Structures are given as structure tokens and as C-alpha cells.
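Commentary on secondary and tertiary structure
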Amino acid sequence: MSARAAIAVLAVLAIVGLLTFGLLSKGSSGIAVGDVAPASPLPQLEGDGSGSLADYRGQWVLVNFWASWCIPCREEAPALEEFQRRHGDGGFTVLGIDSRDLSGDGRAFVERFGLSYPQLRDGDGATAHDYGTTGVPENYLVDPRGKVRLLVRGPITPEYLEEAVAPLVSGDGRS
């Protein structure tokens, strides 16, 4: 084997090794059920000011990471809005976090789907990184003490919301 071919093989092996390491370590740094959820302040998607998960301490919060370009996010948005309308009574809210997206695109998404629940903007993805997200959508049900009770990587369905989330937020599983 020539020196040039050996260098090419080593370069390919190094790249494959780095990709494998990245994929294996990506999921291991995230928060898990039982962990305290990060509550860093973020700018509001619409208007001035900021908000944080800490603003909802004492309530159940379904933290939904999404992006306007994400097709599964578009598919789950109506279910989240319907769930918010039926259960968002002061003891529960969905908290949307638009991650790695352009603000204008995020605002158009909120308008298109008529989302009434609070929306924050994680433009650089730092908060998503703190949670250990592997993509969008991802949903974290946080209890009134700030601990993660449920975690769904990928789109959430109306059936899951009714079967797993509703019993907790309606009082059957209060912490």
C-alpha cells in the first residue's frame, strides 16, 4: 500500500471514529426522568422580555422543543394546542421552545397553528443542549417541583397526551 493510500485509510477511520463517538456520547449527556429540568431564561418568541421554566414553578409544564422547518413538529402542534385548551387551567401549561430557528419563521408557525401557549426562543440551541435533546420535536413533562416526569423524543400523539400526561396533570399523579 502506498503512503498516500495509507493516509487516506487512516483519515477515513478517524472520521468514522469521531462520528461514532459523537453519536454514542450525544444521548448520554441529556437529562433523564427524575432530574431537575434546566430553567435558563430565554427571550420570548413574540414581543419583548424573557421567560423561563422557573416562571411556572408549582405547575405542571410540558416543555416542547420544536422548529418551524420540522415536519413532525407541524404534525404534533394541533394536538398540543388542543391539550392546552382542555388542560391549561393554571395548574398546567405547554411551554413551547422554538430551537435553532429564525424568529420570523417561528412566529409564522405559531400563527399558522393558532398556538395559544407561551413560546420562548432558543436561537442558538443552548437550552436544547442543556436538556440533551437529539433533535426536534422533544417533549419533557416537568412536575410542580421542577423535576422531569416524562420524556418523549420525537412527536407526541393525542393518545399519549391523554393516556400518560392527562392523568398526571389532572391530579391523579400529583407529586
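Residues numbered from 1 in each chain as written. Predicted model: local features only at pLDDT ≥ 70, side-chain atom pairs only at ≥ 80, totals over all residues. Heavy atoms only, no water.

Right, let's get into the nonpolar core. Of all hydrophobic cores here, the largest spans 27 residues; its most connected members are Leu62, Phe92, Leu141 and Leu161. Mapped onto this core, the elements with two or more residues apiece are strand E3 (60-66), helix H2 (71-87), strand E4 (92-99), helix H3 (103-113), strand E7 (148-153) and helix H5 (158-172). Not counting chain neighbours up to four residues away, the residues in contact with Leu141 comprise Trp60, Val61, Leu62, Phe92, Lys147, Val148, Arg149, Leu150, Val165, Leu168 and Val169. In terms of nonpolar packing, the next biggest core, distinct from the first, is built from 16 residues, Leu42, Leu53, Val61 and Val148 among them. (Core = buried A, V, L, I, M, F, W, Y, C linked by side-chain atoms within 4.5 Å. Buried < 20%, exposed > 50% of the residue type's maximum accessible area, 1.4 Å probe, protein only. Helix = DSSP H or I, 4+ residues; strand = E, 2+ residues; numbered from the N terminus. Contact = heavy atoms within 4.5 Å.)

Attention now goes to empty space enclosed by the protein. Taken as a whole and judged by the stated rule, the model has two cavities of 30 Å³ or more. Its boundaries defined by the atoms lining it, the largest cavity holds a volume of some 40 Å³. Every residue along the wall of the largest cavity is listed here: Pro38, Ala39, Ser40, Leu42, Ser52, Leu53, Ile97, Leu120, Thr127 and Tyr131. Residues of the lining of the largest cavity, tallied by class, amount to seven nonpolar, three polar and no charged. (1 Å grid on protein atoms, 1.4 Å probe; cavity = no way out; pocket = protein on both sides within 12 Å on 5 of 7 lines; lining within 4 Å. Points joined across faces, edges and corners; volume = space filled by probe spheres on them. Nonpolar A, V, L, I, M, F, W, Y, C, P; charged D, E, K, R; others polar.)

Looking now at the sheet that holds E7. Here we have five strands laid out as an open sheet, ordered E5-E4-E3-E6-E7, and mixed in their pairing. Both outer strands of the open sheet, strand E5 (119-122) and E7, are each paired with one neighbouring strand and no more. Shown here is a sheet whose adjacent strand axes are inclined to one another by a mean of 20 degrees, direction ignored. Relative to E4, H2 is tilted by about 155 degrees, and along the sheet it contacts E3, E4 and strand E6 (138-142). Against the sheet, H3 touches E3, E4 and E5, its axis set at about 125 degrees to E3. (Pairing = 2+ DSSP bridges. Axes fitted to C-alpha atoms, helices over the stretch in contact; angles between N-to-C directions.)

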